[in-house]
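Commentary on secondary and tertiary structure
Read off the chains here:
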Amino acid sequence: MQPTATNVASPSVGLVEGFDPRSRQLGELPLSPSMQRFADEAQRLPTEEIIINMGPSHPAMHGTVRVVLRIDGETIKDADVQVGYLHRGFEKECEGGTYTQIFPYVDRLNYVSPMLNNVGYARAVEKLLGITERIPERAEYIRVIVGEIARVCDHITCIVASLAELGGITAFFYGIRAREHFWELLEDLSGARLTHSYCRIGGVAWDLTQNFPEKCRTKIAKVRALVDDVRKLVERNRIFLDRMDGVGIISAADALSYGITGPCLRATGVAYDVRKDHPYSVYDHFDFDIPVADTGDNLGRYLVRVEEIDQSLKIVEQALVQIPPGPVIVDDPLIALPPKREVYNSIEGMIAHFKHIMDGLRVPPGETYSATEAGNGELGFYIVSDGSGRPYKCRCRPPSFYTTAALRQLIVGANIADIVPIFGSLNMIGGECDR
Amino acid sequence: MASLSESLLQAFPEGIIETGSYLGDEIVVVEREFLVAVLSYLREDPSAAFEMLMDLTAVDYLGQVPRFEVVYELYSVSQKHRIRVKVRVDEASEDCWVPTATSLWLSANWSEREVWDLYGIRFEGHPDLRRILMYEEFVGHPLRKDYPQNARQPLIRRPDAPRTDDQTTRLLEGSHDRRVSG
């Protein structure tokens, strides 16, 4: 199936009717004669290459990344990007936990969209168990709803944090208010603002709250208005456009070779999205587009994310209408925890509960790689099982890690100040990159 | 998808140890001597066209011979298919190496550094094989099964250990051959 792609760089998609950010005619401001002499003089000054250090505790390095730069004046000659400052030993910890105990760990991978990590991990274990087809449809719809909400939170955070670093602090406040609406909604549902641990192997922990659909629709309307406000603030702003348009360009071939996925890849014109190319869950029930831009620059990545927010909200709206009634977790005592009333009132329930908690659910020996589309791109889990209740190996394929690997190529030759918007638009999440 | 394994078997009759499929994932186990040839065939052949090295990791089967399995997860955006290529290496230090794939995919650079860092499998020919997630002074390779989960190491610089800062400075100043552009 060929994915339908909307080119967000085309004029018709711009928020302001008929305005295309790329067609603007600004031109260079002329310098006064004395300033011109000064600028010419500065060109002839002798320079010396120096090595400076940026991060890991630099305000613009919002993960914890250290970049060692060799610079000549303002120009970056070479860079060494160092990650790992947030390494917690995710894989080693997983090898010691039962399959269910890993959910809190995956929450902390991409901590801006934990629901998507939950879904990605649950699907990998379900594939290994061979129960992908048996997941109740209502559970799949709930996963899509919370997952797409998490994706919107992820994109909003990336966009507005990056804008704040360019001086647009108002946009940041609007965006954070929008994210707060959705976090309130998810807190209402899961009990936690950030580390939800809401999915389970075989479904989700519990059903939607009673008036979730109405609350969700109200929140969507509020978020739409706030995202529009953010766009109106920046999309015709000269500082924003100068620092985004044509800065940090990567070609499609290089992006593929670096293993870049998600919005950063789609900004180079490759319409690869796991939800469309390999539809999983119930994503084939919805009508949505995969936005692409063909420039591969900061502005392209911004426009793709903005359009994806809209597409994700559309998916949530459709899912709220289509969602069928029914159970939310697979009916199998070997996979799902028994209901509490059985645990407290029957010996069989008590034993099943005990075995689940102490030994974990048994996964047949084997190995699998399962991919889902997370906020930053393809989130893969490669799980090796030896037949016990704990994974022999639980590898996470972190989209941010591969995107950050391309940072060096993107900033060499650019100015020091360009690091900030380039790094911001890649949306490196420390918890996911360093695991 | 069966044709992919078949064409590999035809092209490298001695290089392929096993082919198979599990839960819909295509798996090929290759001899180390043929690894780069197989990977570059999979990248260049039009019917395979694996433009992406999606993921690279290793598994430690402690107690088995050979002990490690290095796992390459490939994906083709144009053909929309995946394949998993595996190569087996043993723990003895003269045998614990794999040829690098950095000349085929840019993503191999960092992911091979990660496998070296966490499993101690060398990638021969890698332009810049440093630790990436752990710090340079760390002793051992933490994802090996014989590295205890609760082990703690003091973060004290040993006098003979390479200093991270010196090494970085040397890399940036020296005429190293890391590629800037793909």
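Basis of the calculations
Residues numbered from 1 in each chain as written. Chains lettered and ligands numbered in written order. Predicted model: local features only at pLDDT ≥ 70, side-chain atom pairs only at ≥ 80, totals over all residues. Helix = DSSP H or I, 4+ residues; strand = E, 2+ residues; numbered from the N terminus. Rg over C-alpha atoms; globule rule 2.2 N^0.38 Å. Contact = placed C-beta atoms within 7 Å. Pairing = 2+ DSSP bridges. Axes fitted to C-alpha atoms, helices over the stretch in contact; angles between N-to-C directions. pLDDT = per-residue confidence, 0-100. Nonpolar A, V, L, I, M, F, W, Y, C, P; charged D, E, K, R; others polar. Buried ≥ 20, exposed ≤ 12 C-beta atoms within 10 Å, placed from the backbone. Core = buried A, V, L, I, M, F, W, Y, C linked by C-beta atoms within 7 Å. Expected span 1.5 Å × (residues − 1). Parallel < 35°, antiparallel > 145°, perpendicular 65-115°, else oblique. Left-handed = near helix turned anticlockwise from the far one by under 90°.

**Section: the overall build of chain A**
Scanning chain A from N- to C-terminus turns up 18 helices and ten strands. Here the C-alpha radius of gyration of chain A, 24 Å, is about what a compact globule of 435 residues would show, namely 22 Å. Overall size of chain A, expressed as C-alpha extent along the three principal axes, is 90 × 45 × 40 Å. Within chain A, counting contacts between residues at least 6 apart in sequence, those at least 24 apart form 72% of the total.

**Quick notes on the sheet that holds strand 3 (residues 52-60) of chain B**
Across a sheet, strands are paired by hydrogen bonds formed along the backbone, either parallel or antiparallel in direction. Residues and elements named next belong to chain B. Taken together, the five strands give an open sheet; going across it, the order is 1-2-5-4-3, and neighbouring strands pair in mixed fashion. Lying at the two open borders of the sheet, with one neighbouring strand each, are strand 1 (16-22) and strand 3. Between one strand axis and the next, the sheet turns by 20° as a mean value, whatever way the strands run. Where strand 1 lies against strand 2 (residues 25-30), six bridges are found, and the strand directions are antiparallel.

**Considering the sheet that holds strand 3 (residues 66-72) of chain A**
All names here are of chain A. Spatially, 2-3-4 is the arrangement adopted by the three strands of the open sheet, whose pairing is antiparallel. For this open sheet the edge positions go to strand 2 (49-54) and strand 4 (75-82), each flanked by a neighbour on one side alone. The mean angle between the axes of side-by-side strands here comes to 20°, regardless of whether they run parallel or antiparallel.

**Looking at the confidence of the model for chain B**
Summary statistics for chain B give a mean pLDDT of 82 and a share of 84% for residues scoring 70 or more. Across residues 174-182 of chain B the pLDDT falls below 50, and counting only partners more than four positions away or on other chains, this stretch makes 13 contacts in the model.

**Side note on the interface of chain B and chain A**
In this assembly, 33 residues from chain B lie in contact with 39 residues from chain A. Where the side of chain B that touches chain A is concerned, the elements lending two or more residues are strand 3, strand 4 (68-76), helix 3 (108-119) and helix 4 (164-173) of chain B. Across the side of chain B that touches chain A, the residue classes break down as 19 nonpolar, eight polar and six charged.

**Overview of the environment of E95(A)**
Residues and elements named next belong to chain A. Checked against the element boundaries, E95 lands in helix 2 (residues 90-95). Accessibility expressed as a C-beta count within 10 Å gives 18 for E95, which makes it partly exposed. Separated by 299 residues in sequence, E95 and C394 place their C-alpha atoms 7.0 Å apart. Excluding residues within four positions of it along the chain, E95 makes contact with R390, P391, K393 and C394.

**A look at the nonpolar core**
Core analysis: the largest hydrophobic core is formed by 161 residues, its most contacted members being V125(A), I149(A), L53(B) and L74(B). With 16 residues, the top contributor of residues to this core is helix 5 (residues 137-165) of chain A. Every residue in contact with L53(B), bar those within four places of it in the chain, is listed here: G259(A), Y72(B), L74(B), A101(B), W105(B), S107(B) and A108(B).

**Brief notes about the environment of H87(A)**
Topologically, H87(A) is positioned in the loop between strand 4 and helix 2. Residue H87(A) is classed as buried on the basis of its C-beta count, with 20 C-beta atoms lying within 10 Å. Sequence spacing of H87(A) and G202(A) is 115 residues, and the spatial spacing of their C-alpha atoms is 29 Å. Not counting residues within four places of it along the chain, the set of residues in contact with H87(A) comprises D434(A), R435(A), L133(B) and M134(B).

**Quick look at unusual backbone geometry**
All names here are of chain B. Note the cis peptide between V65 and P66, where omega equals -10°. Structurally, the position occupied by P66 is in the loop between strand 3 and strand 4. Phi at L23 is positive, roughly 55°, even though this residue is not glycine. Along the chain, the position of L23 falls in the loop between strand 1 and strand 2. Even without being glycine, A49 reaches a positive phi, approximately 50°.

**With respect to helix 1 (residues 33-44) of chain A**
An ideal rise of 1.5 Å per residue puts 16 Å on twelve residues; helix 1 of chain A measures up with 17 Å between its terminal C-alpha atoms. Counted residue by residue, helix 1 of chain A has zero buried out of twelve residues, so it is predominantly exposed.

**Focus: the packing of helix 4 (residues 114-129) of chain A against helix 5 of chain A**
Residues and elements named next belong to chain A. Contact geometry for helix 4 and helix 5: axes closest at 7 Å, N-to-C directions at 135°. What the angle tells us is that helix 4 and helix 5 run oblique. Crossing handedness for the pair helix 4 and helix 5: left-handed. Across the interface between the two elements, P114, M115, L116 and V119 of helix 4 pack against R143, V146, G147, A150 and R151 of helix 5. For the contact of helix 4 with helix 5, the class distribution of residues is six nonpolar, one polar and two charged.

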